[in-house]
Amino acid sequence: MDTDRVLNLVTPLSVSTMASAGYGGTPPDPPAAIPPSGPGGQHGLIGRGESWSAPRRTSVAPLGRPITGRHAGWVGSVSMAADGSRAVSASDDWTARVWNLTTGRCEQLLSGHHGPISSVMVAPDGARAVTASEDGTARVWDLASGHCLRILRGHRRPLLAAAITSDGTRAVTVSEDHMARWWNLDTGACLYVLKGHESPVLSVALSADDSQAVSGSWDGTARVWDLATGRCEHVLSGHTASVWSVVLTDDGRRAVTASWDGTARIWNLESGRCERI
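Nothing here was measured: the structure is a model prediction, and the numbers come from that model.

Scoring rules and cut-offs
Residues numbered from 1 in each chain as written. Predicted model: local features only at pLDDT ≥ 70, side-chain atom pairs only at ≥ 80, totals over all residues. Heavy atoms only, no water. Core = buried A, V, L, I, M, F, W, Y, C linked by side-chain atoms within 4.5 Å. Buried < 20%, exposed > 50% of the residue type's maximum accessible area, 1.4 Å probe, protein only. Helix = DSSP H or I, 4+ residues; strand = E, 2+ residues; numbered from the N terminus. Contact = heavy atoms within 4.5 Å. Polar contact = N/O pair within 3.5 Å; in protein donor to acceptor, adjacent residues only side chain to side chain. Pairing = 2+ DSSP bridges.

(A) A look at the nonpolar core. The biggest cluster of nonpolar side chains holds 13 residues, and the ones touching the most others in it are Val172, Val174, Val204, Leu206, Ala213 and Leu227. Elements that contribute at least two residues to this core include exactly strand S9 (159–164), strand S10 (170–175), strand S11 (180–184) and strand S13 (201–206). In terms of residue count, the dominant contributor to this core is S13 (three residues). Apart from residues lying up to four places away in sequence, Leu227 is in contact with Trp182, Tyr192, Leu194, Leu206, Asp210, Ser211, Gln212 and Ala213.

Written out as structure tokens, the structure reads:
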């Protein structure tokens, strides 16, 4: 295996990687973590007086660029098939790339978004992926052919994250529009709009049986959603700043949230109570 190429995939922000991509050995300055203005000029103040604005980048899509094995911009998300055979990376160059992890080669260039791609999730069987973009859409991709199967439209602001079910037929997307959406990937239909957060939704995770989703928001809360009904079962309150990441245990009984307040919290999803900080 070409080890260097795989390392470049999984550590996309290293100096050596940026140099090989044509940046002259010096990575560009990263986008500001929290610029001063919020979506549409509106501020969503929470906790410590922070205001939301997603990082905005100014890259231009490399139209007509051949598959060279290198992204032309920051790589901010990567996801792998369960068998470790392939991975997909997503970039602010408006594209995602499918990588063969045995050869280190780029097999497909997934092109079609009209803005930076915030997140990518590969189905466990490696057949499909979902990309979430700042262009306000998500796309469903066939990874063998590189074809876009569906465009998921409905969010009114940039998308920030996505999660895909174990069978690759459903997905949840979250957005700056304060909402999450539950999608049928075979039809492209939105099954439920998950409303309740008061600020942009930053992160989302699914339970192992795909019956629940947990979303984390800039409003300082996480929410537990019943995906059979679209209803919010619990509001997980306790963090004093935005919730940037969430994961669930394999048995679906607990979630761990990570926040800008400097803490992680363990939650009981049956009761909605915080078990430990």
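Having seen it, we continue.
(B) Region of interest: the side chain of His197. In this fold, His197 is placed in the loop between strand S12 (190–194) and S13. Since its relative accessible area comes to 7%, His197 is described here as buried. In terms of polar contacts, His197 uses its side chain to reach the side chain of Ser215, at 2.8 Å. In terms of polar contacts, His197 uses its side chain to reach the side chain of Asp219, at 3.1 Å. Aside from chain neighbours lying at most four places away, what touches His197 is His178, Ser215, Ser217, Asp219, Thr221, Ala222, Arg223 and Trp225.

(C) The pairing of strand S1 (residues 75–80), seen in detail. Strand direction decides the pairing type here: S1 and strand S2 (residues 86–91), joined by five bridges, are antiparallel. Opposite Ser77, over in S2, you have Ala90 as the bridge partner. Where S1 folds back on S2, the antiparallel hairpin that results is connected by five residues, among which Gly84 adopts a positive phi of roughly 75°.

(D) Seen up close, the pairing of S11. Here S11 lies mainly inside the structure; five of its five residues are buried. Note that S10 and S11 share five bridges and pair antiparallel. Note that in S11 the partner of Val174 across the bridge is Ala180. The hairpin formed by S10 and S11 contains four residues between the paired strands, and His178 there has a positive phi angle of roughly 80°. Note: S11 against S12, four bridges, orientation antiparallel. Across the sheet, residue Ala180 finds its bridge partner in S12, namely Leu194. Between the antiparallel neighbours S11 and S12 lie five residues, among them Gly188 with a positive phi of about 85°.

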